[in-house]
Amino acid sequence: MPNYQLNFQFYRPTIYPSALSLSLILGIAHGFADAAAGFLLGRLPHTMSLEQASGLIILYNVLGFGYQPLVGMLTDKFKRPHLAVLVGLSSLLLALLVADGHSQIAVILAGIGSAAFHVGGGSLALAATPHRTTGSGLFTAPGIIGLAVGGVLGWTGYNVTLPIVLLLGLILGIIAIINLSKYDLSSHDQAQSGNEPIENANFDDGVLLLLLIAIALTSTVWTSFQFLLQTHLDLIIIIAFAAAIAKVCGGILAQRWGWRRYTIFSLTIAAFLLLYGQQNHLTLILGLALLQSTIPITLAATAKIMPQQPATATGFALGLSILIGGIPVICGLGEITSIPTVSALIVLITTLSLWWVLKSKIMLSR
């Protein structure tokens, strides 16, 4: 009697996204991830004293931003940005689930998860759109909306834990089945590694250092106004949406007009608006939006200087520099740095720094 064997094959759906589609998916995940972190932090003052909440918020920032370069180095070493994204989103999801009874553990999980997600997602977006700012814009834009909306919902006492958990779980599942075989992350710009003259090593470091200082200065101005407007929740939401739109448009326009040309134009206008228009909400919104529109350029520029370390580059541009830029505000200097003449001067210094960086031989030769 014939022996029939039944072979079962499980259907495993796989997504094969284009470069911009991948950046957009990662951007949506960025929005959900930052919404989870913002909501978690926004709820803290409702569950503990303001001093305790402030301490945990600082702890989150140290982990979520300062820890990024280290996670980026590990991600680049093992070439696992996809895994970093999945671990980061899972950690944020778990943080929300344990937040009610274990606030400290939740904050630690959220900080570590945020760091892992940002370097992994940034690395993938950069690898999918090498030497272009469009992918960086699509990836970074939704995060600022998520952080603002999540923070406001948490601060105002709304309990949206379940919806955020479900959204995180959904996007986590989608990213888990994405196929990245068409993006050879391990050889990203491999042809350029090891070919730079030794004498350029210090020059690379100098350009990178100045670029990171410029990002930190941008962060100082942005964080100062976020601190100044912290009680104007509706304005914070509007500024976040304007900044997100500006990031997408900035990424596209910079690619069309040239990185340096767009950077000088946008930051010069931003400085003028911050100097003369802070009494008007519309001009303030436009000024801060233009300031944020250069983020895709600085992220892509950092990756261009570090072509073999996209995750580490992301950790420096979206992590450590942002943390350093927020230190003056944490130290109580936010009111000073948001003074029109001071903020405009900082933006002008940033403009000159980025002008020099973007005209350097390192940027033009790669």
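What counts, and at which threshold
Residue numbers run consecutively from 1 along every chain, following the written order of its sequence. The predicted origin of the model limits local features to residues at a pLDDT of at least 70 and limits the giving and counting of side-chain atom pairs to 80 or more, whereas totals for whole chains, interfaces and linings rest on all residues. Excluding hydrogens and water, the side-chain values take into account all heavy atoms of the structure. Buried, partly exposed and exposed residues are distinguished by accessible area as a fraction of the type maximum, computed with a 1.4 Å probe on protein chains only: under 20%, between the cut-offs, and over 50%, respectively. Numbered from the N terminus, helices here are DSSP runs of H or I no shorter than four residues, and strands are runs of E no shorter than two. The rule is short: rings of Phe, Tyr and Trp, with Trp giving its six-membered ring, pair when the centres are within 6.5 Å, and they are stacked under 30 degrees, edge-to-face over 60, tilted in between. Comment: the charge-over-ring label is applied if NZ (Lys) or CZ (Arg) is within 6 Å of the ring centre and within 35 degrees of the ring normal. The contact definition used throughout considers only heavy atoms, calling two residues in contact when any of these lie within 4.5 Å. Here the nonpolar core consists of buried residues drawn from Ala, Val, Leu, Ile, Met, Phe, Trp, Tyr and Cys, with membership extended through side-chain atoms lying within 4.5 Å. Site definitions follow a grid-based scheme: protein atoms alone, a 1 Å grid, a 1.4 Å probe that fits but cannot get out for cavities, and for pockets an open set with protein on both sides within 12 Å along at least five of seven lines, plus lining residues having an atom within 4 Å of a point. Grid points are joined across faces, edges and corners, and a volume is the space filled by probe spheres set on the points. For this scheme, ten residues count as nonpolar: Ala, Val, Leu, Ile, Met, Phe, Trp, Tyr, Cys and Pro. Four count as charged, namely Asp, Glu, Lys and Arg, and the remainder, Gly too, count as polar. Patches here: salt-bridge-free residues with over 30% relative accessible area, like charges joined within 9 Å, nonpolar side chains (Val, Leu, Ile, Met, Phe, Trp, Tyr) joined within 5 Å. Using a 1.4 Å probe, the Shrake-Rupley method yields the accessible areas, and only the shown protein chains count as cover for residues. Definition used for salt bridges: Asp or Glu carboxyl oxygen within 4 Å of a side-chain nitrogen of Lys or Arg. Each axis is a line fitted through C-alpha atoms, taken for helices only over the stretch in contact, and angles between the N-to-C directions span 0 to 180 degrees. Orientation categories follow fixed angle ranges, with anything under 35 degrees roughly parallel, anything over 145 roughly antiparallel, 65 to 115 roughly perpendicular, and all other angles oblique. A crossing counts as left-handed when the near helix is turned anticlockwise from the far one by less than a right angle, and as right-handed when that turn is clockwise. One fewer than the residue count of a helix, multiplied by 1.5 Å, yields its expected span. Per residue, pLDDT captures the predictor's confidence, and it can take any value from 0 to 100.

Q: Whenever I open this one, unusual backbone geometry confuses me. Can you help?
A: Only a minority of non-glycine residues have a phi that is not negative, and only a minority of peptide bonds are not trans. Its identity is not glycine, yet Lys 79 carries a phi of approximately 55 degrees, on the positive side. The partly exposed category is assigned to Lys 79, whose relative accessible area is 39%. Positive phi outside glycine occurs at His 131, with the angle close to 60 degrees. You can see His 131 is positioned in the loop between helix H5 (103-128) and helix H6 (134-155).

Q: In this structure, what is going on with the packing of aromatic side chains? I would like to understand it.
A: For any two aromatic rings, the description comes down to two numbers: the centre-to-centre distance and the angle of the planes. Inspection of every chain in the model, using the stated rule, returns four aromatic pairs. Residues Phe 117 and Phe 139 carry aromatic rings whose centres are separated by 6.1 Å and whose planes lie at 35 degrees to one another, so their mutual orientation is tilted. Of this pair, Phe 117 sits in helix H5 while Phe 139 sits in helix H6, and the two are 22 residues apart along the sequence. For the pair shown, Phe 117 and Phe 139 are each scored as buried. Members of the aromatic cluster, connected to one another through ring pairs, are Trp 257, Tyr 262 and Phe 265. It is Lys 359 that lies over the ring of Trp 355; its NZ or CZ is 5.1 Å from the centre.

Q: Before we go on, may I ask you to explain the side chain of His 30 in this structure?
A: Along the chain, His 30 falls in helix H1 (residues 19-47). When sequence neighbours within four positions are dropped, the list of residues in contact with His 30 reads Phe 117, His 118, Phe 139, Thr 140 and Gly 143.

Q: How do you make sense of the nonpolar core when you look at a structure like this?
A: Across soluble globular proteins, nonpolar side chains have a tendency to be buried as a group. Counting residues in each nonpolar core, the largest one holds 94 residues, and the members touching the most others are Leu 89 and Ile 175. Broken down by element, the residue count for this core peaks at twelve residues, all from H1. Among residues more than four places away in sequence, those in contact with Ile 175 are Ile 25, Leu 26, Ala 29, His 82, Val 85, Leu 86 and Leu 89.

Q: How should I be thinking about the layout of surface pockets in this particular structure?
A: By rolling a water-sized probe across the atoms, one finds the places where empty space is left. As a volume, the largest pocket reaches approximately 1800 Å³. Lining of the largest pocket is provided by 45 residues; of these, Ile 57, Asn 61, Leu 147, Thr 223 and Gln 226 occupy positions nearest its centre. Among the elements of the structure, H1, helix H2 (50-66), H5, H6, helix H8 (201-228), helix H9 (233-257) and helix H13 (310-337) are those that each provide at least two residues to the lining of the largest pocket. For the lining of the largest pocket, the per-class residue count stands at 25 nonpolar, 18 polar and two charged.

Q: Before we go on, may I ask you to explain the environment of Lys 247 in this structure?
A: As for its position among the elements, Lys 247 is in helix H9. For Lys 247, a relative accessible area of 7% corresponds to the buried category. A sequence separation of 43 residues divides Lys 247 from Leu 290, and the C-alpha atoms of the two residues are 8.2 Å apart. Those residues within four positions of Lys 247 in sequence are excluded, and the remaining contacts are Gly 137, Thr 140, Ala 141, Ile 144, Gln 292, Ser 293, Ile 295 and Pro 296.

Q: Got a minute to help me understand a nonpolar patch on the surface in this structure?
A: Together, Leu 70, Met 73, Leu 74 and Phe 78 give the surface a local cluster of nonpolar side chains, amounting to about 390 Å² of exposed area. Positionally, Leu 74 belongs in helix H3 (residues 68-78). Looking at Leu 74, the relative accessible area reads 43%, which means it is partly exposed.

Q: In this structure, what is going on with the packing of H3 against H5? I would like to understand it.
A: When two helices pack together, you describe them by how their axes are tilted relative to each other and by the distance separating the axes. Direction vectors running N to C along H3 and H5 enclose 50 degrees, while the axes themselves pass 9 Å from each other. Relative to H5, H3 is oriented oblique. Where H3 crosses over H5, the handedness of that crossing is right-handed. Across the interface between the two elements, Gln 68, Val 71, Gly 72 and Thr 75 of H3 pack against Ala 115, Ala 116, His 118 and Val 119 of H5. A per-class count over the contact of H3 with H5 returns four nonpolar, four polar and no charged.

Q: Sorry, what's going on with H6 here?
A: Note: α-helices contain 3.6 residues per turn, so residues at a spacing of three or four share the same orientation. Look at H6: 33 Å from first C-alpha to last across 22 residues, which is about the 32 Å you get at 1.5 Å a residue. Looking one or two residues beyond H6, the residue adopting positive phi is Gly 157, at roughly 95 degrees.

Q: Looking at this model, I keep getting lost on the confidence of the model for the protein. Mind explaining?
A: The predicted coordinates ought not to be read in detail in places where the model reports low pLDDT. Predicted confidence across the protein gives a mean pLDDT of 90, with 90% of residues reaching 70 or more. Predicted confidence in the protein is weakest over helix H15 (residues 361-364), with a mean pLDDT of 74, and strongest over helix H4 (residues 81-98), with 97. Contacts of residues 1-11 to residues separated by more than four positions or lying in other chains number zero contacts, the stretch itself having pLDDT below 50. Confidence drops under pLDDT 50 across residues 187-203; counting only partners more than four residues distant or on other chains, this segment forms 19 contacts.

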